[in-house]
Amino acid sequence: MSVPTEGKKSKPEPHQRVPHSKPPFTVGTLKKAIPPHCFKRSIPRSFSYVFLDLAIASFFYYIATNYIPALPHPLPYLAWTLYTIVQGCVLTGVWVIAHECGHHAFSDHQWLDDTVGLVLHSALLVPYFSWKYSHRRHHSNTGSLERDEVFVPKQKTGLSPWAKYLNNPPGRILMLTVQFTLGWPLYLLFNVSGRPYNRFACHFDPNSPIYSDRERAQILISDAGVLAIVYGLYRLVLAKGLSWAFCVYGGPLLVVNGFLVLITYLQHTHPALPHYDSSEWDWLRGALATVDRDYGILNKVFHNITDTHVAHHLFSTMPHYHAMEATKAIKPILGDYYQFDGTPFYKAAWREAKECIYVEADGNEKDKGVFWYNNKI
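Residues numbered from 1 in each chain as written. Predicted model: local features only at pLDDT ≥ 70, side-chain atom pairs only at ≥ 80, totals over all residues. Heavy atoms only, no water.

### Regarding the packing of helix α7 (residues 169–190) against helix α14 (residues 345–355)
Turning to step 1, where the next piece is worked out: Interaxial distance between α7 and α14 falls to 10 Å at its minimum, and their mutual angle equals 115°. Our pair here, α7 against α14, has a crossing hand that is right-handed. Across the interface between the two elements, P169, R172, I173, M175, L176 and F180 from α7 touch A349, W350, A353 and K354 from α14.
Turning to step 2, where the next piece is worked out: Class assignment for the residues of the contact of α7 with α14 results in eight nonpolar, no polar and two charged. (Axes fitted to C-alpha atoms, helices over the stretch in contact; angles between N-to-C directions. Helix = DSSP H or I, 4+ residues; strand = E, 2+ residues; numbered from the N terminus. Left-handed = near helix turned anticlockwise from the far one by under 90°. Contact = heavy atoms within 4.5 Å. Nonpolar A, V, L, I, M, F, W, Y, C, P; charged D, E, K, R; others polar.)

Here it is as structure tokens:
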């Protein structure tokens, strides 16, 4: 390691790019390295995480509703803020389990996975089947500039006219604030940051171009699930008041939505990660164009979706409680193709917003179908 000259600040080294050539291993090679039990799904064990998360969420709800109102002013404001953050983290774990149901990683029975996933996701205002199918296409096309479904980076020629005005600290604060508060509903409703389609795309529309004909009926089931919860919230507001409903449910839901966008954003946005056009893309290289992150204690709260994402993209039907063991097993084979960044997530979000504005090819004729993040506008 070089020692910086005294009195001068050392410049951070550029990120080492992940290899973009075809890897010397196959999915089969990786699967053989993973202990067979890691692919086994256990109904009792999967439900244990559901019950534990719901029990913790119920405990926080009981404490908040019974004790916070009795606190002297202005302590309730601080207590409700703390409740919002903590409860939002717990419910993000519930969201992750429902996401696992969508991958058929909860049990060996598809009907059970869909039932649990529909109930849990609807409770968090997520259209279960709608997102299940669009997310499946994301896993089938990760890293493809033409066919990926979410957080598809723009090329420099596709940047909006005001991009250069947002390329500064106030602009990044505004962009990140909007992204983490409104990003999730904007994606579901208007496909913001999603794959471009030739007509209007919406996760609540059964006729959306996102879905095939055989999937459209289940989109209506998802809509019914969300509408049932919305109606329940309406009755709750009439009975308890808007402020009570927001403190108990709305605030934590905003935290869930924010973490969902943050986690997904940081999993697929990193200066070291490539994207590919159709001339270069293949499934394995696309699946490897992801990064594991470290959220500290929240890794456990979020059922390790944060620090085992590479393994998840390679084997999405593997239950989360085996993903750490699987990651450890495949890392020696992946070598430089495995990307981990231990930067605290709040620092990483700021850095990626600064450095990852668009993608472009290096100009090398040999690798003209490989695109890397850049920020020079």
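### Here we look at the environment of F180
Turning to step 1, where the next piece is worked out: Within the fold, F180 resides in helix α7.
Turning to step 2, where the next piece is worked out: Along the primary structure F180 and V255 are separated by 75 residues, whereas in three dimensions their C-alpha atoms are 8.7 Å apart.
Turning to step 3, where the next piece is worked out: F180 has contacts with L254, N257, G258, V261, L262 and A349, leaving out every residue within four places of it along the chain.

### Some thoughts on the layout of surface pockets
Turning to step 1, where the next piece is worked out: Taken as a whole, the second largest pocket spans an internal volume of roughly 460 Å³.
Turning to step 2, where the next piece is worked out: L125, Y249, L253, L254 and N257 are the residues nearest the centre of the second largest pocket, which is lined by 20 residues in total.
Turning to step 3, where the next piece is worked out: Mapped onto the lining of the second largest pocket, the elements with two or more residues apiece are α7, α8 (216–240) and α9 (242–268).
Turning to step 4, where the next piece is worked out: The element best represented in the lining of the second largest pocket is α9, accounting for eight residues. (1 Å grid on protein atoms, 1.4 Å probe; cavity = no way out; pocket = protein on both sides within 12 Å on 5 of 7 lines; lining within 4 Å. Points joined across faces, edges and corners; volume = space filled by probe spheres on them.)

### Here's the deal with the side chain of S222
Turning to step 1, where the next piece is worked out: Note that S222 resides in helix α8.
Turning to step 2, where the next piece is worked out: Non-local contacts of S222, meaning those with residues more than four positions away in its chain, are made with L118, P127, Y128, F129 and S130.

### Some words on the UniProt feature "transmembrane region" (unreviewed entry) in the protein chain
Turning to step 1, where the next piece is worked out: Sites flagged by UniProt as "transmembrane region" (unreviewed entry) map to residues 47–65, 77–99, 173–190, 219–237 and 243–266.
Turning to step 2, where the next piece is worked out: Structurally, residues 77–99 comprises 100% helix and 0% strand, and the distance from its first C-alpha atom to its last is 32 Å.
Turning to step 3, where the next piece is worked out: Structurally, residues 219–237 comprises 100% helix and 0% strand, and the distance from its first C-alpha atom to its last is 27 Å. (UniProt positions renumbered as here; feature names shortened; annotations may be inferred.)

### Here's the deal with the pattern of salt bridges
Turning to step 1, where the next piece is worked out: Summed over all chains, the structure comprises 12 salt bridges.
Turning to step 2, where the next piece is worked out: Salt-bridge contacts for E215 lead to R137; the nearest nitrogen and oxygen are separated by 3.0 Å. A residue pair is termed long-range when its members are at least 10 positions apart, and E215 in the loop between α7 and α8 and R137 in helix α5 (residues 128–140) qualify at 78 residues.
Turning to step 3, where the next piece is worked out: Look at E215 and you get buried, because its relative accessible area is 3%.
Turning to step 4, where the next piece is worked out: Judged by its relative accessible area of 23%, R137 falls in the partly exposed class.
Turning to step 5, where the next piece is worked out: R293 is the salt-bridge partner of E352, the closest N and O atoms lying 2.9 Å from each other. Of this pair, E352 sits in helix α14 while R293 sits in strand β2 (residues 292–293), and the two are 59 residues apart along the sequence. Like R293, E352 is buried.
Turning to step 6, where the next piece is worked out: Three or more residues joined by partner-sharing salt bridges are found here, namely R293, D341, R351 and E352. (Salt bridge = Lys/Arg side-chain N within 4 Å of Asp/Glu carboxyl O. Buried < 20%, exposed > 50% of the residue type's maximum accessible area, 1.4 Å probe, protein only.)

### Digging into the UniProt feature "domain: Fatty acid desaturase" (unreviewed entry) in the protein chain
Turning to step 1, where the next piece is worked out: Residues given the UniProt feature "domain: Fatty acid desaturase" (unreviewed entry) here are residues 80–339.
Turning to step 2, where the next piece is worked out: In residues 80–339, the share of helix is 60% and the share of strand is 2%. The end C-alpha atoms are 38 Å apart.

### Here's the deal with unusual backbone geometry
Generally, phi is negative for residues other than glycine and the peptide bonds are trans, each holding for most cases.
Turning to step 1, where the next piece is worked out: Between H73 and P74 the backbone carries a cis peptide bond, its omega angle lying at 5°.
Turning to step 2, where the next piece is worked out: One non-glycine residue with positive phi stands out, namely N191, at about 60°.
Turning to step 3, where the next piece is worked out: Turning to its location among the elements, N191 is positioned in the loop between α7 and α8.
Turning to step 4, where the next piece is worked out: Overall, the relative accessible area of 10% leaves N191 in the buried class.
Turning to step 5, where the next piece is worked out: Notably, N304 is not glycine yet its phi reads approximately 60°, a positive angle.

### Some words on the sheet that holds strand β5 (residues 370–374)
Turning to step 1, where the next piece is worked out: Spatial strand order, β1-β5-β4: three strands in an open sheet with antiparallel pairing. At either end of the open sheet lies a strand with only one pairing partner, and these are β1 (275–276) and β4 (358–361).
Turning to step 2, where the next piece is worked out: Note: β4 against β5, four bridges, orientation antiparallel. Each bridged residue has a counterpart across the sheet, and for E360 the counterpart in β5 is W372. (Pairing = 2+ DSSP bridges.)

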